[in-house]
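One letter stands for each residue in the lines below.
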Amino acid sequence: MKRLVGLMALLVLLLAACGNGEYETIAIDEVSAKQEAGYTVLDVREPYEYEEAHITGAENKPLSTLREQEFSGLSEDQQYVVICQSGNRSKEASAILHEAGYDIVNVSEGMSSWEGDVE
């Protein structure tokens, strides 16, 4: 019985530790500090949205391609700040990227709240 309880406790700990989708989420006003710390802004909006205006230095990798497990151009050695228009797509993209092993930080708001410079 003790062994069964021990195995159950171990199973609970393992399940809690893996696949929970946890990653850091920051406010929009923290993006610049992350950039200064070496993070790359990853804009997951569609190309036409990105072309209209994006954070200076941001890279575009649409959520639609991430859903297809298309990660070309991304580096597992780079840290990314994931942003979209309002915060919904970046949350999904962050979960996909985190699950794939990328070091990411999600932005809770999006470009609709960005007050900094854009290209």
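Keep in mind the model is a prediction, meaning the values are calculated, not measured.

Thresholds, definitions, all that
- Residues numbered from 1 in each chain as written.
- Predicted model: local features only at pLDDT ≥ 70, side-chain atom pairs only at ≥ 80, totals over all residues.
- Heavy atoms only, no water.
- Helix = DSSP H or I, 4+ residues; strand = E, 2+ residues; numbered from the N terminus.
- Buried < 20%, exposed > 50% of the residue type's maximum accessible area, 1.4 Å probe, protein only.
- Contact = heavy atoms within 4.5 Å.
- Areas by Shrake-Rupley, 256 points an atom, 1.4 Å probe, with all protein chains shown as cover.
- Pairing = 2+ DSSP bridges.
- Axes fitted to C-alpha atoms, helices over the stretch in contact; angles between N-to-C directions.
- Phe/Tyr/Trp six-rings, centres within 6.5 Å; stacked < 30°, edge-to-face > 60°.
- Right-handed = clockwise from strand over helix to strand, strands pointing away.

Thoughts on the overall build of the chain
Moving on, step 1. Within the chain one finds 5 helices and 5 strands.
Moving on, step 2. Each helix and strand of the chain, placed in order from N terminus to C terminus, yields the pattern α-β-α-β-α-β-α-β-α-β.
Moving on, step 3. Across the 119 residues of the chain, 35% fall into the buried class.
Moving on, step 4. Restricting the contact set of the chain to residue pairs at least 6 apart, pairs at least 24 apart contribute 65%.
Moving on, step 5. Here the chain displays about 7200 Å² of accessible surface, and carbon together with sulfur accounts for 52% of that area.

Re the sheet that holds strand E5 (residues 103-107)
Moving on, step 1. Reading across the sheet, the 5 strands line up as E1-E5-E4-E2-E3 and stay open at both edges, with parallel pairing between neighbours. With partners counted over all chains shown, the strands left at the sheet margins are strand E1 (24-26) and strand E3 (59-60), one partner each.
Moving on, step 2. The pairing of strand E2 (residues 40-43) with strand E4 (residues 79-83) spans 4 bridges and is parallel. Counterpart to Leu42 in the pairing with E4 is Val82.
Moving on, step 3. Each of E2, E4 and E5 touches helix H5 (residues 88-99); the most contacted strand, E5, lies at about 170 degrees to it.

Comments concerning the packing of aromatic side chains
Moving on, step 1. Evaluated as defined, the whole model comprises 2 aromatic pairs.
Moving on, step 2. Look at Phe71 and Tyr102: their rings are 5.5 Å apart centre to centre, the planes differ by 55 degrees, and that puts the pair in the tilted class. One end of the pair, Phe71, is in the loop between helix H4 (63-66) and E4; the other, Tyr102, is in the loop between H5 and E5, and 31 residues separate them in sequence.
Moving on, step 3. The exposure class assigned to Tyr102 is buried, which follows from its relative accessible area of 8%.
Moving on, step 4. Between Tyr80 and Tyr102, the aromatic rings sit 6.4 Å apart at their centres with planes inclined by 65 degrees, giving edge-to-face as the arrangement. With Tyr80 in strand E4 and Tyr102 in the loop between H5 and E5, the pair connects residues that are 22 residues apart, well separated along the chain. Per residue, the accessibility class of Tyr80 equals that of Tyr102, and both read buried.
Moving on, step 5. Here a set of aromatic residues connected by ring pairs shows up, and it is made of Phe71, Tyr80 and Tyr102.

Some thoughts on the environment of Ser113
Moving on, step 1. Relative to the assigned elements, Ser113 resides in the segment after E5.
Moving on, step 2. Placed 26 residues apart in sequence, Ser113 and Gly87 show a C-alpha to C-alpha distance of 9.7 Å.

Let's talk about the pairing of E2
Moving on, step 1. Here E2 shows no split at all, with Thr40 and Leu42 on one side and Val41 and Asp43 on the other all buried.
Moving on, step 2. Alignment of E2 against E3, held across 2 bridges, turns out to be parallel. Bridge pairing in E3 links Leu42 to Glu59.
Moving on, step 3. Tracing the backbone out of E2, into helix H3 (residues 47-52) and back to the parallel element E3 gives a crossover that is right-handed.

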